[in-house]
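# Understanding the architecture of this molecule
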Amino acid sequence: MCQRILIVEDEKPIADILRYGFQREGFQAECVYTGADGLRRVKEMSPDLVILDWMLPDVSGLTVCRMLTETCCIPIIMLTAKESVEDKLRGLEAGADDYIAKPFDVREVVARTRTVLRRAERTRGKNTEERPEACGNGITLRRRERVVALNGEEVELTPREYDLLVCFLEHPRMVFTREMLLEQVWGFDYPGGTRTVDIHVQRLRKKLKLQEALQTVYGVGYKYVDGPGK
C-alpha cells in the first residue's frame, strides 16, 4: 500500500515538484495551498506524513504544526526559507519531526521523509495485548506498541519524545550530557544542536508531569529519578 504524503505549500511550482518527486518514488502525494486546507485534508485523508511550508497565505505553518501536534500523531517535516537556529528550534518546539531549508534537493526531501516514516512506523505497534510495564512516577509503557500512559491515561508522544523517555527510564539516576542524548536519540547525522534536547526534555516534563523527576544537572545535562531520594 502506498504511503500518503500531504504537501502544504502555497507556491504551486514548488508543490508540483515535490508531488512529482514523491510520486516517482512510489508515494501517493497530494498538494494543498493554504493552512486551512491542510488541516481539513489531514482529517479527510489521514496522511502518513505532512510536508508543511512555514510561510502560508492564511495562517503560518508553525501554527498549523502546533494544531496538528495537539490533535493527532502524524509526522511533520517543515519546509521553509528561514534558516536561523532560532527558527529551526521554533519549528521543532512546535512539534515538527524534521526541518528542511529552501532551496532544497527533492531527493533529500524524499530521503529524509523515508527516515521519519521509518521512525514513525515503530510507534504504531501491534494489536497483540501487552502487559503495561510500570516505570515509576505513574508512568507505564507498552513497548511493542510504543504506548505511554500516565496514571492509566495514555499520553501522545512524538517518536523522538518516546525514544528520549525510554533512554531515561532505562538508565535511572544516570547523568546524561546533552551530546550523549543527541547521539543516542537523534543519531550522529542529525543537523540540529543540543538545544533540541532541551526542548524535548521540557515537553516530556510538561506532558508527563516530570518537573521533579527529570532533573537538570547544571553544567552537565539531565538525569531521571524514579523513587525516594529525588
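Provided above is the structure to which this section pertains.
As a convention, each chain's residues are numbered from 1 in the sequence order in which they are written. For a predicted model such as this one, the threshold for reporting local features is a pLDDT of at least 70, and the threshold for listing and counting side-chain atom pairs is 80 or more; totals across whole chains, interfaces and linings nevertheless cover every residue. Excluded from the side-chain calculation are hydrogens and water; included are all heavy atoms of the structure.

### Describing the sheet that holds strand 7 (residues 139-142)
Strand order across the open sheet formed by 4 strands is 6-7-8-9, with antiparallel pairing between neighbours. With one partner strand each, in any of the chains shown, strand 6 (133-134) and strand 9 (153-155) form the two edges of the open sheet. The rule for pairing is simple: two strands pair if DSSP sees at least two bridges between them. Think of it this way: any DSSP run of H or I at least four residues long counts as a helix, any run of E at least two long counts as a strand, and we number them from the N terminus. As paired elements, strand 8 (residues 147-150) and strand 9 share 3 bridges and run antiparallel to each other. Looking across to strand 9, one finds that Leu150 is bridged to Glu153.

### Digging into helix 3 (residues 61-71)
All buried positions along helix 3 are accounted for by Gly61, Leu62, Val64, Cys65 and Leu68. Taken end-on, helix 3 shows its buried residues confined to a sector of 160 degrees, consistent with a single buried face. Projecting away from the buried face of helix 3 at angles above 90 degrees are the exposed residues Glu70 and Thr71. Partly exposed describes any residue whose relative accessible area lies between the buried limit of under 20% and the exposed limit of over 50%, with all areas from a 1.4 Å probe on protein chains only and scaled to the type maximum. Summarising the geometry, the arc corresponds to the directions from the helix axis toward the C-beta atoms.

### A closer look at the sheet that holds strand 2 (residues 28-32)
Strand order in the open sheet formed by 5 strands is 2-1-3-4-5, and the pairing between neighbours is parallel. The strands lining the two open edges of the sheet, one partner per strand, are strand 2 and strand 5 (98-101). The mean angle between the axes of side-by-side strands here comes to 20 degrees, regardless of whether they run parallel or antiparallel. Between two residues, a contact is recorded if the distance between any of their heavy atoms is within 4.5 Å. In this analysis an axis means a line fitted to C-alpha atoms, helices contributing only their contacting stretch, and an angle means the value between N-to-C directions, from 0 to 180 degrees. On top of the sheet, helix 2 (residues 35-45) reaches strand 1 (4-8), strand 2 and strand 3 (49-53); it is set at about 170 degrees to strand 1, its chief contact.

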